[in-house]
Each structure stands twice: as C-alpha cells, then as structure tokens.
Amino acid sequence: MGKMELVDSDGAKLSSALNRIARDIDAVFDVLLPVPDDTRAPLVEAMRYSAMDGGKRVRPLLVVATAEMLGVSRDPALRVGCAVEAIHVYSLIHDDLPCMDDDELRRGKATLHKAYDEATAVLAGDSLHALAFEILTDDETTPDPFTQAELVRTLAAASGMAGMAGGQMMDMAAESADYDLHTITRLQQLKTGALLAASVEMGAILAKIPREGRSHLRAYARDIGLAFQIADDLLDAEGDEEKAGKALRKDDEQGKQTFVTLMGVEGARNQARALVDHAVGHLGQYGEDAAVLRALARYIVERDR
C-alpha cells in the first residue's frame, strides 16, 4: 500500500470515527443528564445545551481511540471520554462569561450565559466539573479503585493550576505582558495541551499500561497538543467565523502574542505540520491499529473550525 493510499484509508477511518464519537458521546450525556421534575430543571437543561449536539469531540475521540488501540472495550472508554469532555465544556462555559472572554457565540449557537443567564452558566460549569469526577469513580467506568484514582489524579492535574486553569491565567495576563515564543509554548501546553495529553494518558490508564510504558503516547499527545493550538492561532488569524462557529480575530484585537505573531503565518503552519509528522512517528509500533490517531493528528492542522 502506498503512502497516499494509507493517508486516504486513515482519513476514511477518521471520518467514520468522528461521526460515531459525536453520536456516542451525546448518547452517554443523554443518560447521565436526565432533566429532573423540579426547580433544578433549568440547570440540567443548561448542562445539556452546552454538552450535547456540538463540538469536534477531539478529546473523547483521543481517549477512545487510544483505549481501543490498546485493547480496551468501547463502553468504559466512552465514559472516560465523557468525563474529559465535561471538563472541556465547563471550561468553555466559564471562558465565555463576561468576567472572562465575554463571548456571545460558541459552537455556532449562543453562549450559555446568553441562552440562559450568568448564574445558571456558572452553576452548569460547576456541575459539569463535578460530573467528570463522578463518572471516573463510578464502578460502571471501572471497578478497579487504583485505576479510578489514577484517572481522577490525571484529569485533576490537567484541569487545575498546573494545567488548563493555569494556562488560562497566563492567557489573561498576555494582554499586558510581552511573551516570547518559549512562554507562549508553555502557556499553550497548559491551557490546551494538558487536557489533550490527559485524554491520551487516560486511554492508556484504562488499558493498565504502566507509566513507564506510556512515554511514546505522551510524546504523541504533547506534539498534537502544540499543533492544535498553532492551528487555532492560524484559524483566529485567517479563519471564517461562520465555519468556526465562534468569534475570531480576538487575539489580534487584544494585542496578544501568538504563534502566528511570533512566527508568521507560514512559519506557524510549517511548525504545525512538523509537529504532526513527529506525532505520527511516535505511533510506529502500533501499525494499522493507530490509524485513527494518525489521521486525527493530521486533521488537527487541516481543520477549518
């Protein structure tokens, strides 16, 4: 099989995987988020509004594709994927609030605080954060308490001050700071890369792969995490708001340094492609079993939203 045929084959597998993961994640959230017959109903409806029927589902797909590649059955991997997605969605809800980015559009529809109200949006984000760890400690996900604990620790570390929240704090300071390329890279490794890396790591944890046996998977995740953010910076600079489903050009308007401002459009694009090539190289030992992860790495830099 030639290289182009392999790429085409991987792409077809990815398209199928993306469609399937979108359906499956919505189905799991539908079960996890029944609307109660009391005054909590608007809260759960708000959680469903943000968590269901939207988004690329890259993080849950990373969990499921990694776990399945390593021999884990799909159902527990989907539940872990939902936990990661719950954290991701909570972060988007809070990022969109007037006290943060003050955005009005997310995933092609009104942001949650616009569709409901600010207080409900805060509570919905808080509740999705809590739901993530409830899922991970449910015996239906895994009955092994040691696996539960490692899953919780990995997601918590990726979400807090040493991960996503810490990166967001650095990003908030970027408007008045003069960040160099090293600092921007560190910022994005925390804000975006940490949760992507955790998604891959948690798939391997489900498969009970010891930490020392996951180094190549961590390297894959590190490279795609950085490529993902460079692609986001390129989209912010050049993308179509209608396709993206969110406001663009905000970094430039706020005077923030990004990979694009520091490296130029072509330099950033070339760096993203090089990172993807490196990421794919880390999966060599898995052969065809890694088809979806290979294609997902390429999709990250080629997407238009």
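Shown above is the structure to which this text applies.
Residues numbered from 1 in each chain as written. Predicted model: local features only at pLDDT ≥ 70, side-chain atom pairs only at ≥ 80, totals over all residues. Heavy atoms only, no water.

1. Some points on helix 4 (residues 74–95)
Alright, step 1. Taking 1.5 Å per residue as the helical rise, helix 4 with its 22 residues ought to reach 32 Å, and the 31 Å between its terminal C-alpha atoms agrees with that figure.
Alright, step 2. Within helix 4, 21 of the 22 residues are buried, leaving the element largely enclosed by the surrounding structure. (Helix = DSSP H or I, 4+ residues; strand = E, 2+ residues; numbered from the N terminus. Expected span 1.5 Å × (residues − 1). Buried < 20%, exposed > 50% of the residue type's maximum accessible area, 1.4 Å probe, protein only.)

2. Observations regarding the packing of aromatic side chains
Alright, step 1. Using the criterion set out here, one finds one aromatic pair in the structure.
Alright, step 2. Where Tyr49 meets Tyr116, the ring centres are 5.9 Å apart and the plane angle is 75 degrees; that geometry is what we call edge-to-face. Of this pair, Tyr49 sits in helix 2 (residues 41–51) while Tyr116 sits in the loop between helix 5 (112–115) and helix 6 (118–136); the two residues are 67 residues apart in sequence, bridging distant segments of the chain.
Alright, step 3. Given a relative accessible area of 21%, Tyr49 falls into the partly exposed group.
Alright, step 4. Note that Lys109 overlies the ring of Tyr49, its terminal NZ or CZ placed 4.2 Å from the centroid. (Phe/Tyr/Trp six-rings, centres within 6.5 Å; stacked < 30°, edge-to-face > 60°. Lys NZ or Arg CZ within 6 Å of the ring centre and 35° of its normal.)

3. What to know about the side chain of Arg74
Alright, step 1. On the secondary structure map, Arg74 appears in helix 4.
Alright, step 2. Reaching out from Arg74, the side chain makes a polar contact with the side chain of Glu68 at a distance of 3.3 Å.
Alright, step 3. Residues contacting Arg74, with those up to four places away along its chain left out, are Arg20, Ile21, Asp24, Val64 and Glu68. (Polar contact = N/O pair within 3.5 Å; in protein donor to acceptor, adjacent residues only side chain to side chain. Contact = heavy atoms within 4.5 Å.)

4. Brief notes about the pattern of salt bridges
Two side chains that carry opposite charge are able to pair once their charged atoms sit near each other.
Alright, step 1. Scanning the model with the defined rule gives 21 salt bridges in all.
Alright, step 2. Measuring nitrogen to oxygen at the nearest pair gives 2.9 Å for the salt bridge that ties Arg74 to Asp24. Of this pair, Arg74 sits in helix 4 while Asp24 sits in helix 1 (residues 3–32); the two residues are 50 residues apart in sequence, bridging distant segments of the chain. Exposure class is identical for Arg74 and Asp24. Each is buried.
Alright, step 3. Its salt-bridge partner being Glu201, residue Arg214 comes within 2.7 Å of it at the nearest N-O pair. (Salt bridge = Lys/Arg side-chain N within 4 Å of Asp/Glu carboxyl O.)

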